[in-house]
Each structure stands twice: as structure tokens, then as C-alpha cells.
Amino acid sequence: MTKFTNDQKLETITRYQNGSESIGEIAKSIGTYCSVVSNWIKQFEYHGLSAFEKSYTTYTTQFKMDVRTLSGNSKEEQLQAKFIYNIPYPVHGSLSIFLHKVITCHA
């Protein structure tokens, strides 16, 4: 899968916000999936320009527990937690792995 720069992601979000193209049309035109574009939009809605900044940090125990508390078992709840806390993992399975580490480290 193609890697996109922050500028490309912001340009994609701007195209969506202009309202003349659907997420599907935009995704197809840049060669990615609708879910990828949708994730960028949600991340931007929660965090603005800082959504795409790389952060190399260790998570505090409290942060991990907050994520665990907020995210339930459903994929929708886990996606919501991912966007709110700007967790830089791909959606498919990685948040579950993140939460599993929280549980095993702090149970």
C-alpha cells in the first residue's frame, strides 16, 4: 500500500470538505481504500493538523487505562478510542493488541 505524506492527507481532507467529491471517489483517485480516507478525516476532526504528526512516546499507565476504559469490545468503540486518543496504529487488530498489552501489564 502507498505511503502518503502529511500534505497529501491534508489535500485529500480538503477535497472531501469542499463537498464536491465522495470519500469513495477521492479514495479511488488516489489509489487507496475508502476506510483509509475516512480514518484521515476522523483523525483530522479530532486533532486538527497535529493528527498526522509522528509522535514517538511511551504511553503512561493512566493513558493506557483511559484507552482501555473508553474502548469497548465492538470495532466501532475501538475505532472511536483510536481517533480520540490519536493512537498511531492501523485499525485492523492493532488496537486490540495495544489493549491486550494494557490488560496483561496492569491486570
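Bear in mind the structure is a predicted one, so any value in this text is a computation, not a measurement.

Procedures and definitions
Residues numbered from 1 in each chain as written. Predicted model: local features only at pLDDT ≥ 70, side-chain atom pairs only at ≥ 80, totals over all residues. Heavy atoms only, no water. Axes fitted to C-alpha atoms, helices over the stretch in contact; angles between N-to-C directions. Helix = DSSP H or I, 4+ residues; strand = E, 2+ residues; numbered from the N terminus. Parallel < 35°, antiparallel > 145°, perpendicular 65-115°, else oblique. Contact = heavy atoms within 4.5 Å. Nonpolar A, V, L, I, M, F, W, Y, C, P; charged D, E, K, R; others polar. Salt bridge = Lys/Arg side-chain N within 4 Å of Asp/Glu carboxyl O. Buried < 20%, exposed > 50% of the residue type's maximum accessible area, 1.4 Å probe, protein only. Left-handed = near helix turned anticlockwise from the far one by under 90°. Polar contact = N/O pair within 3.5 Å; in protein donor to acceptor, adjacent residues only side chain to side chain. pLDDT = per-residue confidence, 0-100. Core = buried A, V, L, I, M, F, W, Y, C linked by side-chain atoms within 4.5 Å. Phe/Tyr/Trp six-rings, centres within 6.5 Å; stacked < 30°, edge-to-face > 60°.

**Student:** Please provide a residue-by-residue account of the packing of helix α1 (residues 6–18) against helix α3 (residues 34–47), values included.
**Tutor:** One can describe the packing of α1 onto α3 by two numbers: an axis separation of 10 Å at closest approach and a directional angle of 90°. If you check the angle between α1 and α3, you find them roughly perpendicular. Between α1 and α3, the contacting residues are K9, L10, T12, I13, Y16 and Q17 on the first element and V37, W40, I41 and F44 on the second. A breakdown of the residues in the contact of α1 with α3 according to their chemical character gives seven nonpolar, two polar and one charged.

**Student:** Tell me what's going on with the pattern of salt bridges, and back it up with residues and numbers.
**Tutor:** Taken as a whole and assessed by the stated rule, the structure comprises one salt bridge. Notably, a salt bridge pairs E21 with R15, separated by 2.7 Å at the nearest N-O pair. Relative accessible area serves as the criterion here: at 25%, E21 is assigned to the partly exposed category. Its relative accessible area of 21% is what places R15 among the partly exposed residues.

**Student:** Which residues make up the packing of helix α2 (residues 23–30) against α3, and what values do they have?
**Tutor:** Each pair of packed helices gets described by two things: the angle between the helix axes and the distance between those axes. At their nearest, the axes of α2 and α3 sit 8 Å apart, and the two run at 110° to each other. As far as their axial angle goes, α3 and α2 are roughly perpendicular. As α2 runs across α3, the sense of the crossing is right-handed. Residues I23, G24, A27 and I30 of α2 touch α3, and the partners they reach there are C34, V37, S38, W40 and I41.

**Student:** So what's going on with the side chain of T12? Residues and values would help.
**Tutor:** Considering the arrangement of structural elements, one finds T12 in helix α1. You can call T12 buried: its relative accessible area is 4%. Polar contacts involving the side chain of T12 include one to the main-chain carbonyl oxygen of Q8, which spans 2.8 Å. Beyond its immediate stretch of four places on either side in the chain, T12 contacts I26, I30, V37 and W40.

**Student:** Can you break down the confidence of the model for the protein residue by residue, with the values?
**Tutor:** On average, residues of the protein score 76 in pLDDT, and 70% of them reach the 70 mark or higher. A low-confidence stretch, residues 101–107 stays under pLDDT 50, and its non-local contacts, those more than four residues away or across chains, total eight contacts.

**Student:** Before we move on, can you summarise the nonpolar core with the specific residues and values?
**Tutor:** If you look at the biggest cluster of nonpolar residues, it comprises nine residues: F4, I13, A27, V36, V37, W40, I41, A51 and F52. Broken down by element, the residue count for this core peaks at four residues, all from α3.

**Student:** Kindly report on the packing of aromatic side chains, identifying the contributing residues and their values.
**Tutor:** Here the structure, examined in full by the defined rule, presents one aromatic pair. Look at F4 and W40: their rings are 5.1 Å apart centre to centre, the planes differ by 75°, and that puts the pair in the edge-to-face class. Of this pair, F4 sits in the segment before α1 while W40 sits in helix α3; the two residues are 36 residues apart in sequence, bridging distant segments of the chain. Among the residues examined, W40 registers a relative accessible area of 7% and is labelled buried.

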